[in-house]
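Single-letter residue listing:
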Amino acid sequence: MIKTDIIIIGAGPTGLFTVFEAGLLKLKTHLIDALPQPGGQCSEIYPKKPIYDIPAYPEILAGDLVDRLMEQIKPFSPGFTLGERAQNLETLEDGTFVVTTNKGTAHNAPVVVIAGGLGSFEPRKPPIGNIDDFEDKGVAYMIKDPEVYRDKKVVIAGGGDSALDWSIYLSDIAAEVSLVHRRNEFRGALDSVEKAAALAKAGKIKLFTEAEVKKLYGDEHLEAVVVEHNDKARGESYVEADHFIPLFGLSPKLGPIGDWGLEIEKNAIKVNNSYDYQTNIPGVYAVGDVNTYPGKLKLILSGFHEAAVMCQSAYQRINPGKRFVMKYTTVGGVTGFDGSVKEAKKEVVQSILA
Ligand SMILES: Cc1cc2nc3c(=O)[nH]c(=O)nc-3n(C[C@H](O)[C@H](O)[C@H](O)COP(=O)(O)OP(=O)(O)OC[C@H]3O[C@@H](n4cnc5c(N)ncnc54)[C@H](O)[C@@H]3O)c2cc1C
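Cut-offs used in this document
- Residues numbered from 1 in each chain as written.
- Predicted model: local features only at pLDDT ≥ 70, side-chain atom pairs only at ≥ 80, totals over all residues.
- Heavy atoms only, no water.
- Helix = DSSP H or I, 4+ residues; strand = E, 2+ residues; numbered from the N terminus.
- Buried < 20%, exposed > 50% of the residue type's maximum accessible area, 1.4 Å probe, protein only.
- Lys, Arg positive; Asp, Glu negative; His and termini not counted.
- Charge placed at Lys NZ, Arg CZ, Asp CG, Glu CD.
- Pairing = 2+ DSSP bridges.
- Axes fitted to C-alpha atoms, helices over the stretch in contact; angles between N-to-C directions.
- UniProt positions renumbered as here; feature names shortened; annotations may be inferred.
- 1 Å grid on protein atoms, 1.4 Å probe; cavity = no way out; pocket = protein on both sides within 12 Å on 5 of 7 lines; lining within 4 Å.
- Points joined across faces, edges and corners; volume = space filled by probe spheres on them.
- Nonpolar A, V, L, I, M, F, W, Y, C, P; charged D, E, K, R; others polar.

**A few points about the overall build of the protein**
Here comes step 1: Each helix and strand counted, the protein has 8 helices and 25 strands in total.
Here comes step 2: Based on the C-alpha atoms only, the size of the protein along its principal axes is roughly 85 × 45 × 40 Å.
Here comes step 3: In the protein, which comprises 354 residues, the proportion classed as buried is 48%.
Here comes step 4: Distance between charge centres in the protein, computed from 39 positive and 47 negative side chains, equals 3 Å.

Pasting the structure below:
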């Protein structure tokens, strides 16, 4: 059981900044995210788009914003459970919560913060009858660790950037890479399309266009896939495969969080915004895009503000009766759990305040 002060569900910009605000209050945090990397929508949907409304950044790429947030929270050494979806919420007799993921990882804390944004990004699965039987036995919908595919036979399906980029990357590592796409044209960046075509010509990627994976075979583990060509005259191809990775994109769903007894309005969690962004379950908060209240703005800066307010309330819940005096970071500095210290320039501040 992973124990911490605050379990944060969702490692998007809001969840990441919650780590920082909690850290200032000496509260430890652990993040859970269904995606294999932190950053939420910024990393998954638009990493290369510039954002113009982050205070003090006239322009910053969404991916760079995530990198900066990761750098900012590093001193507070948060834990991460990535690539796993928070599935169950249970309240124990002592009032603390246990959040368990779809892979069975259990986390225990007195406070839970849901920073789940649009919901957990669920993979779009191809309609293959027995695909569920091979999940974690050769079938995966995202690549967490490319080393898993070293010297293996891999079939990737899809026509976008992910399918192209991973095929190109794995062509150096895997024993064999096949890329299957149901059309002739790819949707990815021109550069990647050209690279994949060149690798196919060089025999490093087996390219199947106007074709779809229709059947999976194997006993304990995947052994082969059947590729059906749109042109029926070409029939089917039997391709040996240790791994099949359909990369058809991800769609967000509130998912299991919707069954936790929280008040939901229009697919978002209702919170008390006059005080601390707590939900109808005391000790469970919701911040960022996932919550709703009168006047809510679904913007990154709203999530940052809500995280700061909710951490003050969480502190009181975890340390009942203990007085906490909020200090500017310019006055209190930042002391990380890793021993790092960012000094406040006290003499300067004191002389100004005097
Ligand atoms: C194309 C585009 C452009 C945008 N431009 C701007 C802009 O210019 N300025 C601006 O302020 N905002 C912009 N936004 C909105 C901004 O991205 C969101 O407001 C912001 O990402 C919300 O952050 P969040 O951390 O609350 O949620 P998210 O970024 O959605 O992150 C939530 C995370 O929670 C995870 N999660 C959810 N449920 C679970 C679960 N059960 N278990 C595990 N993990 C879970 C998800 O996988 C996800 O990673 C834009 C959005 C898009 C799509």
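**Things to note about the sheet that holds strand S17 (residues 236–240)**
Here comes step 1: Read across the sheet, 3 strands follow the order S15-S16-S17 without closing on themselves; strand pairing throughout is antiparallel. Among the strands making up the open sheet, the edge pair consists of strand S15 (211–218) and S17. With strand direction ignored, the average angle separating the axes of adjacent strands in the sheet is 25°.

**Topic: the UniProt feature "domain: FAD/NAD(P)-binding" (unreviewed entry) in the protein**
Here comes step 1: The UniProt entry lists residues 5–294 under the feature "domain: FAD/NAD(P)-binding" (unreviewed entry), expressed in the numbering used here.
Here comes step 2: In residues 5–294, helix accounts for 18% and strand for 32%; the two terminal C-alpha atoms are 29 Å from one another.

**Quick word on the layout of surface pockets**
Which parts of space are left empty comes out when a probe the size of a water molecule is rolled across the atoms.
Here comes step 1: In this model, the largest pocket occupies a volume close to 1,100 Å³.
Here comes step 2: The wall of the largest pocket is formed by 31 residues, among which Ser43, Glu44, Ile45, Asp161 and Ser162 lie closest to the centre.
Here comes step 3: Elements that contribute at least two residues to the lining of the largest pocket include exactly helix H2 (40–44), strand S11 (120–123), helix H4 (161–170) and strand S19 (250–253).
Here comes step 4: The element best represented in the lining of the largest pocket is H4, accounting for 5 residues.
Here comes step 5: Residue composition of the lining of the largest pocket, grouped by class: 18 nonpolar, 6 polar and 7 charged.

**Remarks on the UniProt feature "binding site: FAD" (unreviewed entry) in the protein**
Here comes step 1: Mapped onto this structure's residue numbering, the UniProt feature "binding site: FAD" (unreviewed entry) falls at Thr14, Asp33, Gln41, Tyr46, Ala86, Phe121, Asp289 and Thr330. Of the residues just listed, which span 317 residues, the most distant C-alpha pair is 37.7 Å apart, and they do not cluster in one region. Looking only at the residues we just named, the largest pocket is lined by Tyr46 and Phe121.
Here comes step 2: Residue placement: Gln41 occurs in helix H2.

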